[in-house]
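Breakdown of the fold
Chain residues, written in single-letter form:
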Amino acid sequence: MPTAQLDGVAWQQTVVGDTVYVAGKFSQARPAGASPGSRTVPRNNLLAYRLSTGELLSSFAPSLNGQALSIAASPDGSRIYVGGEFTTVNGISRSRVAALNAADGSVISTFNPRVGGTVRALAVSADTVYLGGLFSSVGSASRSRLAAFRASDGALLPWSPTTDNRVNALVLSPDFRQVVVGGAFTTLNGSSRPGYGLGRVDAVTGASLSLGVNNTVRNAGRDSAILSLSSDGTSFYGTGYIYGGGGNLEGSFSGNWSDGNLRWVEDCHGDSYGVWASPTAVYLAGHPHYCGNIGGFPETQPRSWHRAVAFSKAATGVMTKDIHGYPSFTGVASPSLLNWFPDMDTGTASGQSQGPWAVSGNAEYVAMAGEFRNVSGKPQQGLVRFAVRELAPNTDGPRVTGANANPALNYQSPGTVRVSWRANWDRDNEVLSYQLFRDGAATPVYTETKSSRFYDRPTLEFTDTGLAAGPHTYRLFVSDPLGNVARSDVVRVDVLSGAPLPEPEPVPDSFSDDFDRTGSGKWGTAGVGGNWSHSGSATLWSVDGAGNMTLNRGGLGLTAQLPAASRRDTSLRVDAALDKVANGSGVYLTAAARKTAQGEYQGVVKISAAGRVTVDLVRVVGGTSTKLATRNVTNLVYRADSQLAVRFEATGSGTSDLRIKVWPAGSPEPAAWNAAVTDAAPELQQPGWIALTGYLSGSTTNLPVKVSFDNLSVGDGRTND
């Protein structure tokens, strides 16, 4: 959203109510929309703007004679503390730290410590101000890169933990009794565990406290460090960088204030500079270019960066082994990468070719600060805001338009055209809706709703039948939930006339697949039934005597289908197995019948984290799922690597009979059905193909989970009354 701009680099920021205070290295500010050098006002290394409007505040304009590297507010919001490399504020002598009146930027005369080196970090309670940086003295007293002062008069306090290298970040616990310290140091109070780039100390005595996070996150030395720390009142968060040796994390982490132990790590590469948690998400400023270890975007050649990203607050999975030679956090709890991808470019002010350096906000806004020059294709230098949906303009829609969104038209036979296209993507909406229009009609011939991201865009398709001979046109409309629409061009296909219809291939009475083959990337060709088609990445599919799908993140569903196995009356039997029982809300295994562009009938088997089994009968029409029946399967508990036999039937027309049963594979098939129901949805009273789906709940963390299907047979139904 439009925000005040600056002409240099913003290093840090803090939010007090509706005001954002920004510290950095700059000399001018200007309003949103003003080009560089126009409509400028002086702002020497410190400014403030209104968070709700983005308007620069004229009442707060202190002048620092050197750059400000850190900034923090008193708990009551009346004071702004700033640290850095300056020696005067408003012409008044201040040695690298100062306290200012939050309303008008005037210097508070009673706070005047004399710090002997750069101040890079600040943390403030009602009565104490904590500093970290590169200094070794305060006045005539020795202090090894950490010091504390009484807020009322600036008196140096006895608190004096020691480090052997730079301190970059400090954060206070909600009760003001603990301080977490981050930086490039290899020891804190003489200890390296905790104390290797990260430690926790008593806020009064400075004595070291336990910090389990430091057993996993190890960043310190010349080429690695912890760069930022923040808190949401329950957890603390941090970021790191590596440029050589000495460290293992370029992403961010979360720890518990209660015991200092790790909650999660995300090891997206590369370096991460700032982190802040809203009530609903964790936002990061940096330059990530690979998030594959948590199921996110891959590395590209040439490399592409995503400088503003967001994650879930809770751990939702575990990380996979790193494939690019970085230190690996295999099996460590991780959050989910959210679908929030604003574009931010690099600036030139720092000479480091970076974009955002810091992030903060409140329940309604996220504020980014740094040296970027453009945001999502629009000029916006150094500062920018993003709002929650209720306050945002919500005008950013699906990204692919015009010829780049054109569907491919493939003439199949007289009267039949297959239309296919690659899913679109949106910066802030994962689920998009597709409408395919034919011959300029007002009503679409096909609609579908599908999840996608810029790095995960599945192919969608629709087979249009009963077409008259001659030319036909198609146009694809893609919309997000906010009403933004992207349109393809109009594309044309000629449906040939005069050609005789080919003799239909005989449809077998039954289909089957024993998966007696090996391969990766696909399931190949069924014994009887044609080729399997798949959703998702090929790396998630294999066959080795069973058809396998690997669910490597929570909320992922994968589907294999046999389009050639088309029939109305269907009795599908298959054996299914998991390599582990998924925790969280479990796994859903689905057998589908009569699958067409309009919908499908589903028999669903849910396996809970305790191994309990539930079956559902479901109708899906136009993307809307309706549960028709659900039953618990008593006296059946699933154990990992065992097989369940599933039979699902959809038979009849006009009114269809649906039923499902599940039992231990290898034992006799029971006569009784676990659930049965009738349904008369007109869209589903026609032939369709069969499909098998594995879906992992979004709360599952013991990833990956491998789903295996075997011994598939498909007949006409009424096989086991």
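Look a little higher up for the structure.
Another point: the state of the cysteines. Tallying each qualifying case throughout the model produces one disulfide. Through a disulfide, Cys268 is tied to Cys291; the S-S separation comes to 1.9 Å. Torsion about the S-S bond of the Cys268 and Cys291 cystine: about 125°, corresponding to right-handed handedness. Taken as a pair, Cys268 in the loop between strand S24 (262–266) and strand S25 (272–277) and Cys291 in the loop between strand S26 (282–286) and strand S27 (308–311) lie far apart in primary sequence, 23 residues in all. For the pair Cys268 and Cys291, one class covers both residues: buried.

The next thing to look at is the sheet that holds S27. Read across the open sheet, the three strands follow the order S25-S26-S27; overall the sheet is antiparallel. Only two strands of the sheet have a single neighbouring strand rather than two, namely S25 and S27. This sheet shows a mean twist of 25° between the axes of neighbouring strands, independent of strand direction. By the bridge criterion, five bridges tie S25 to S26 in an arrangement that is antiparallel. By the bridge assignment for S26, Trp276 is matched with Tyr283.

Looking now at the pairing of strand S6 (residues 46–50). Among the five residues of S6, four are classified as buried, and the element is accordingly described as predominantly covered. Where strand S3 (residues 19–25) lies against S6, five bridges are found, and the strand directions are antiparallel. Across the sheet, residue Ala23 finds its bridge partner in S6, namely Leu46.

Moving on: the pattern of salt bridges. If you walk through the whole model with that rule in mind, you get 24 salt bridges. Put simply, Arg567 and Asp716 hold a salt bridge, and the shortest N to O gap is 2.4 Å. You can see Arg567 sitting in strand S48 (residues 557–567) and its partner Asp716 sitting in the segment after strand S58 (705–715), a full 149 residues away along the chain. A relative accessible area of 45% means that Asp716 is categorised as partly exposed.

With respect to topology, four strands assemble into an open sheet ordered S21-S22-S23-S24, the strand pairing being antiparallel. Lying at the two open borders of the sheet, with one neighbouring strand each, are strand S21 (224–231) and S24. Between one strand axis and the next, the sheet turns by 20° as a mean value, whatever way the strands run. Where strand S23 (residues 252–256) meets S24, four bridges bridge the pair, whose relative direction is antiparallel. Bridging from a neighbouring strand, Phe253 pairs with Val265 of S24.

Reading the values: the criteria
Residues numbered from 1 in each chain as written. Predicted model: local features only at pLDDT ≥ 70, side-chain atom pairs only at ≥ 80, totals over all residues. Heavy atoms only, no water. Disulfide = S-S within 2.5 Å. Helix = DSSP H or I, 4+ residues; strand = E, 2+ residues; numbered from the N terminus. Buried < 20%, exposed > 50% of the residue type's maximum accessible area, 1.4 Å probe, protein only. Pairing = 2+ DSSP bridges. Axes fitted to C-alpha atoms, helices over the stretch in contact; angles between N-to-C directions. Salt bridge = Lys/Arg side-chain N within 4 Å of Asp/Glu carboxyl O.

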